[in-house]
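Here is how the chains run, residue by residue.
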Amino acid sequence: LHAADDPDLHALLALVSTETRLAWDAGAPDFRVTTKIRTLDPDMRREAAARVKTTAEGIAAGAGLEAVVEIRPGLPVLVNDAALTRRMIPVLEKVAGSAGAVETPPQTTSEDFAYYAQKAPGMYFFLGINPEGADPAKVAPNHSPYFDVAESALPNGVRALVHLALARMAEK
């Protein structure tokens, strides 16, 4: 799913799990699909959810069945405040060097920090804690039991947070 006016704006529909129940004496068979919808735009999220519902109901109806679609909104889109980010990038460059402070393209990161960023200007950043020399495409993600953090990066994280806080306080 791509936005008509912005080809870089997209929705990600990920299949998380399927479950089938064939209990002959307990009623009709049951098939459940769990997915995640991630977008970079709240309107696109609503559109993607509506399309998932319409598609599931249409497929079921075509087979003479009924689909019950329940969509829980989940976490909102995490969006950095553009003005704050522009002002703080030089601070991160001072801490990590210009090669260490890299602006990344938008991501469908699911993070509760998004609630804070809806109430006050916010800026979410990655510390870069992969072990040195590790291929980023092959390292385990943060919430994996195989996650391996290069603890040597943690002092940079503390320095970054302190410098960001001081820079923000100096603006007041």
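Keep in mind the model is a prediction, meaning the values are calculated, not measured.

## Quick look at the overall build of the protein
Thinking step 1. Each helix and strand counted, the protein has 4 helices and 3 strands in total.
Thinking step 2. When the helices and strands of the protein are placed in sequence order, the string is β-β-β-α-α-α-α.
Thinking step 3. Here the protein, with 172 residues, has 19% of them falling under the buried criterion.
Thinking step 4. Residue pairs at least 24 apart in sequence account for 58% of intrachain contacts in the protein once pairs closer than 6 positions are excluded.
Thinking step 5. Counting every atom, the protein has about 12,900 Å² of accessible surface; 57% of that belongs to carbon and sulfur.

## Some remarks on helix α1 (residues 42-62)
Thinking step 1. Here α1 spans 30 Å end to end across 21 residues, near enough to the 30 Å set by a 1.5 Å rise per residue.
Thinking step 2. Those residues of α1 that sit buried are M44, R45, A48, A49 and A60. The buried residues of α1 all sit within an arc of 140 degrees when viewed along its axis, so they share a single face. Exposed positions of α1 whose direction lies more than 90 degrees from the buried face are R46, T54, A61 and G62.
Thinking step 3. Regarding α1, its N-cap is D41, as a side-chain oxygen of that residue lies 3.0 Å from the backbone nitrogen of D43 further along.
Thinking step 4. Positive phi shows up at G64, right after α1, with a value of about 75 degrees.

## Observations concerning the packing of aromatic side chains
Thinking step 1. Tallying each qualifying case throughout the model produces 3 aromatic pairs.
Thinking step 2. Judged by centre distance (6.2 Å) and plane angle (45 degrees), the rings of F113 and Y116 are tilted. Placement of both F113 and Y116 in helix α3 (residues 113-119) is noted, with a separation of 3 residues, approximately one turn of the helix.
Thinking step 3. The class for F113 is partly exposed, based on a relative accessible area of 22%.
Thinking step 4. On the accessibility criterion, Y116 (59% relative accessible area) is exposed.
Thinking step 5. These aromatic residues form a ring-pair network of at least three members: F113, Y116, Y124 and F126.

## Quick word on the pattern of salt bridges
Thinking step 1. Counted under the stated rule, the structure contains 6 salt bridges.
Thinking step 2. Notably, a salt bridge pairs R51 with E47, separated by 2.7 Å at the nearest N-O pair. Of this pair, R51 and E47 both sit in helix α1, 4 residues apart, which is roughly one turn of the helix.
Thinking step 3. The class of E47 is partly exposed, set by a relative accessible area of 35%.
Thinking step 4. With its nearest N and O atoms 2.7 Å apart, the salt bridge here joins E171 to R168. Residue E171 and its partner R168 are both found in helix α4 (residues 154-171); the two are separated by 3 residues, about one turn of the helix.
Thinking step 5. Owing to a relative accessible area of 26%, R168 belongs among the partly exposed residues under this scheme.
Thinking step 6. Taken together, the shared-partner salt bridges connect R87, R168 and E171 into one network.

## Let's talk about the nonpolar core
Thinking step 1. Of all hydrophobic cores here, the largest spans 9 residues; its members are L84, M88, V91, L92, V95, A101, M123, A160 and L164.
Thinking step 2. With 5 residues, the single largest contributor to this core is helix α2 (residues 82-96).
Thinking step 3. Not counting residues up to four positions away in its chain, the partners in contact with V95 are N156, R159, A160 and H163.

## So, the environment of S110
Thinking step 1. Here S110 lies in the loop between α2 and α3.
Thinking step 2. Residue classification places S110 among the partly exposed positions, given a relative accessible area of 37%.
Thinking step 3. With residues near it in sequence (within four places) discarded, S110 still touches R38 and L75.

Analysis parameters
Residues numbered from 1 in each chain as written. Predicted model: local features only at pLDDT ≥ 70, side-chain atom pairs only at ≥ 80, totals over all residues. Heavy atoms only, no water. Helix = DSSP H or I, 4+ residues; strand = E, 2+ residues; numbered from the N terminus. Buried < 20%, exposed > 50% of the residue type's maximum accessible area, 1.4 Å probe, protein only. Contact = heavy atoms within 4.5 Å. Areas by Shrake-Rupley, 256 points an atom, 1.4 Å probe, with all protein chains shown as cover. Expected span 1.5 Å × (residues − 1). Arc of directions from axis to C-beta. Polar contact = N/O pair within 3.5 Å; in protein donor to acceptor, adjacent residues only side chain to side chain. Phe/Tyr/Trp six-rings, centres within 6.5 Å; stacked < 30°, edge-to-face > 60°. Salt bridge = Lys/Arg side-chain N within 4 Å of Asp/Glu carboxyl O. Core = buried A, V, L, I, M, F, W, Y, C linked by side-chain atoms within 4.5 Å.

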